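Here are the chains, one letter per residue:
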Amino acid sequence: MTKIIIDTHGGLEDVIAIMHSIKFAKHNKMQIIGITVTNGRRTLEDATTDALLAVTLAGAEIPIYKGKNCFIYEGSNQAMMLNRTYPKCVNYSDDHDIL
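Report follows, based on the coordinates. Just so we're clear, the structure is a prediction, and the values are computed from it rather than from any experiment. (Residues numbered from 1 in each chain as written. Predicted model: local features only at pLDDT ≥ 70, side-chain atom pairs only at ≥ 80, totals over all residues. Heavy atoms only, no water.)

Considerations on the pattern of salt bridges
For step 1, the next point in the chain: What the rule picks out here adds up to two salt bridges.
For step 2, the next point in the chain: Where Arg42 meets Asp50, a salt bridge forms, and the shortest distance between an N and an O atom there is 2.7 Å.
For step 3, the next point in the chain: Here Glu45 makes a salt bridge to Lys66, at a shortest N to O gap of 2.7 Å. Of the two residues, Glu45 sits in helix α2 (residues 44-57) while Lys66 sits in strand β3 (residues 64-66), which places them 21 residues apart along the sequence. (Salt bridge = Lys/Arg side-chain N within 4 Å of Asp/Glu carboxyl O. Helix = DSSP H or I, 4+ residues; strand = E, 2+ residues; numbered from the N terminus.)

As C-alpha cells, then:
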C-alpha cells in the first residue's frame, strides 16, 4: 500500500485538495498517514483549523502535525507579500504539536 503525507499551508484550495486526496486515496488503495501544517497564506492556527475541517468533512481519521510558526529564511517573499513578520526557523526538530 502506498503511503502519503500531505503538507499544507491552509486556505480554501488546500481544504478542497485534502478532501479530494482523501477520496482518491480510499479508491486507489493508498493511505494518508499524516498531514503537516505550516503557515503561509494563512496563520499557523488558521491553517491547522483548515486541515482539521477538511479531515472532518471527509469523514477520515488522519493525524495532523502542526509545524513551527516561522519561515525557513528571513525576508521570505510570502511574509513580505502578506505584510507579516514571522521569526526565522532555527531548529526544525523541536516545538511541534500532534493533533
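Observations regarding the nonpolar core
As a rule of thumb, nonpolar side chains are buried together in soluble globular proteins.
For step 1, the next point in the chain: Within the largest apolar cluster, 16 residues are counted, with the highest numbers of intra-cluster contacts made by Ile18, Ile22, Ile32, Ile35, Val37, Val55 and Ile62.
For step 2, the next point in the chain: Taken together, the elements giving at least two residues each to this core come down to α1 (12-27), β2 (30-37) and α2.
For step 3, the next point in the chain: When residues of this core are assigned to their parent elements, the largest contribution, five residues, is made by α2.
For step 4, the next point in the chain: In contact with Ile22, not counting residues within four places along its chain, are Ile32, Ala54, Val55, Ala58, Ala60 and Ile62. (Core = buried A, V, L, I, M, F, W, Y, C linked by side-chain atoms within 4.5 Å. Buried < 20%, exposed > 50% of the residue type's maximum accessible area, 1.4 Å probe, protein only. Contact = heavy atoms within 4.5 Å.)

Considerations on α1
For step 1, the next point in the chain: With 16 residues, α1 ought to run about 22 Å at 1.5 Å a step, and its terminal C-alpha atoms sit 23 Å apart, in line with that.
For step 2, the next point in the chain: Regarding α1, the residues found buried are Asp14, Val15, Ile18, Ile22 and Ala25. In a view along the axis of α1, the buried residues occupy a sector of 105 degrees, so they form one face of it. Turned more than 90 degrees away from the buried face of α1 sit Leu12, His20, Lys23 and His27, all of them exposed.
For step 3, the next point in the chain: In this structure, the buried residues of α1 make contact with β1 (2-8), β2 and α2.
For step 4, the next point in the chain: Phi turns positive, to about 50 degrees, at Lys29, one or two residues after α1. (Expected span 1.5 Å × (residues − 1). Arc of directions from axis to C-beta.)

Looking at the pairing of β2
For step 1, the next point in the chain: Note that β1 and β2 share seven bridges and pair parallel. Bridge pairing links Ile4 to Ile32 in β2.
For step 2, the next point in the chain: The β-α-β motif built from β1, the intervening α1 and the parallel element β2 has right-handed crossover chirality.
For step 3, the next point in the chain: Here β2 pairs with β3 via three bridges, running parallel. (Pairing = 2+ DSSP bridges. Right-handed = clockwise from strand over helix to strand, strands pointing away.)

A look at unusual backbone geometry
For step 1, the next point in the chain: In this structure, Lys29 takes a positive phi of about 50 degrees despite not being glycine.
For step 2, the next point in the chain: With respect to the secondary-structure elements, Lys29 resides in the loop between α1 and β2.
For step 3, the next point in the chain: The class for Lys29 is exposed, based on a relative accessible area of 68%.

Geometry only, nothing functional implied.
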